Amino acid sequence: QVQLVESGGGLVQAGGSLRLSCAASGRTSRSYTTGWFRQAPGKEREFVAAISWSSATYYADSVKGRFTISRDNAKNTVYLQMNSLKPEDTAVYYCAARVGGTRTSGYDYNYWGQGTQVTVSS
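Residues numbered from 1 in each chain as written. Predicted model: local features only at pLDDT ≥ 70, side-chain atom pairs only at ≥ 80, totals over all residues. Heavy atoms only, no water.

Asker: What am I meant to see in the state of the cysteines here?
Answerer: A covalent bond between the sulfur atoms of two cysteines is referred to as a disulfide. Taken as a whole, this structure holds one disulfide when the rule is applied. Each sulfur of the disulfide joining Cys22 and Cys95 lies 2.1 Å from the other. Since a negative S-S torsion denotes a left-handed disulfide, the Cys22-Cys95 link at about 65 degrees is right-handed. Taken together, the residues span a long stretch of sequence, with Cys22 in strand E3 (residues 18-26) and Cys95 in strand E9 (residues 91-99) at a distance of 73 residues. Here Cys22 falls in the buried class, since its relative accessible area comes to 2%. Residue Cys95 is classed as buried on the basis of its relative accessible area, which comes to 0%. (Disulfide = S-S within 2.5 Å. Helix = DSSP H or I, 4+ residues; strand = E, 2+ residues; numbered from the N terminus. Buried < 20%, exposed > 50% of the residue type's maximum accessible area, 1.4 Å probe, protein only.)

Asker: Which parts of the structure should I look at to understand the environment of Tyr79?
Answerer: Checked against the element boundaries, Tyr79 lands in strand E8 (residues 77-82). Each C-alpha atom of the pair Tyr79 and Ile51 lies 9.8 Å from the other, and the pair is 28 residues apart in sequence. Excluding residues within four positions of it along the chain, Tyr79 makes contact with Arg19, Leu20, Ser21, Trp36, Thr68, Ile69, Ser70 and Asp72. (Contact = heavy atoms within 4.5 Å.)

Next up, the structure:
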């Protein structure tokens with residue numbers, strides 16, 4: 001079992017930046033891919049970014065060039081640096097983990113955090 005805890009959400013103006021963190025505990029010795037997903041009110045959950053154990057990354061087109069995913073394996077933590085934020089980035093952001101390579105569907109992830117709210121004002 002792996003437990004995930006997100007932090008770093010908040011309220012920011014358009015054009016601003018936030019850094020989300022996803023701290024893992026439990027059976028973290030396995031090779032996990034960690035993904036970030038988000039869900040806005042009334043919308044379906046969508047993939048944002050993912051990073052494999054070897055730090056291979058993949059991004060949704062909507063965030064490419066603005067968001068950067070990274071990991072610190074020594075701290076069992078994955079980060080999502082979000083720059084040039086837009087009002088349409090407003091959502092609850094979730095991190096998730098799976099054993100194996102990167103996937104963009106949330107159904108392929110076994111472990112989920114509780115989510116952190118990101119609100120971007122115009």
